[in-house]
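Summary of structural features
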Amino acid sequence: MAKITYIEHDGKEHVIDVKAGLTVMEGAVKNNVPGIDADCGGACACATCHVYVDEAWLAKTGDKSAMEESMLDFAENVEGNSRLSCQIKVSDDLDGLVVRLPESQH
């Protein structure tokens, strides 16, 4: 189990316990965190689960795959710390992870 903090664009925080083995996106969707649409259901076929990973956590979330890089081309306001939350697998090592949500997923 990992405690993940999802911060909406307006600053509202949602601190959620997410089971290891799920993705950061699944943790948000299962707990009704607004701002992660997840239109494709986690298949890395859209960019509506775009998040900004807190800089301190980038190394622990792993590298972006070529597919994820390609899908991020469809997201708005992509930054160096942008990730698709469906591609970040939760583990105990991610306990304390902080992700920020963009203003819009569309």
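The chain is annotated in an unreviewed UniProt entry as 2Fe-2S iron-sulfur cluster-binding protein from Phenylobacterium conjunctum. Quoted verbatim from the Cofactor (unreviewed entry) heading of the UniProt record, the comment on the chain is "[2Fe-2S] cluster". Annotation of the chain in UniProt includes, under Sequence similarities (unreviewed entry), the sentence "Belongs to the adrenodoxin/putidaredoxin family."

Right, let's talk about the sheet that holds strand 5 (residues 98-100) for a bit. Across the sheet, which stays open at both edges, the five strands sit in the order 2-1-5-3-4 with mixed pairing between neighbours. Here the strands that pair on one side only, and so sit at the sheet edges, are strand 2 (13-18) and strand 4 (82-84). Across this sheet, the average inter-strand angle for adjacent strands is 35 degrees, counted without regard to direction.

This brings us to the environment of Glu8. The topology assignment puts Glu8 in the loop between strand 1 (2-7) and strand 2. C-alpha of Glu8 to C-alpha of Glu76: the two residues are 68 residues apart in sequence and 15 Å apart in space. At 2.5 Å, the side chain of Glu8 forms a polar contact with the side chain of His14.

Scanning the model with the defined rule gives three salt bridges in all. Of the charged contacts in the structure, one is a salt bridge between Asp54 and Arg100, with a shortest N-O distance of 3.2 Å. Residue Asp54 is located in the loop between strand 3 (50-53) and helix 2 (66-72), and its partner Arg100 is located in strand 5; the two are separated by 46 residues in the primary sequence. For Arg100, a relative accessible area of 37% corresponds to the partly exposed category. The salt bridge involving Glu68 is made with Arg83; its shortest N-O contact spans 2.7 Å.

As a further point, take the state of the cysteines. Applying the stated rule across the entire model yields zero disulfides. Between Cys40, a free cysteine, and Cys46, which holds the nearest cysteine sulfur, the sulfur-to-sulfur gap is 3.7 Å. Distance from the sulfur of Cys86, which forms no disulfide, to the nearest cysteine sulfur (Cys49) is 3.8 Å. Under the relative-accessibility criterion, Cys86 is labelled buried at 5%.

Parameters at a glance
- Residues numbered from 1 in each chain as written.
- Predicted model: local features only at pLDDT ≥ 70, side-chain atom pairs only at ≥ 80, totals over all residues.
- Heavy atoms only, no water.
- UniProt positions renumbered as here; feature names shortened; annotations may be inferred.
- Pairing = 2+ DSSP bridges.
- Helix = DSSP H or I, 4+ residues; strand = E, 2+ residues; numbered from the N terminus.
- Axes fitted to C-alpha atoms, helices over the stretch in contact; angles between N-to-C directions.
- Polar contact = N/O pair within 3.5 Å; in protein donor to acceptor, adjacent residues only side chain to side chain.
- Salt bridge = Lys/Arg side-chain N within 4 Å of Asp/Glu carboxyl O.
- Buried < 20%, exposed > 50% of the residue type's maximum accessible area, 1.4 Å probe, protein only.
- Disulfide = S-S within 2.5 Å.

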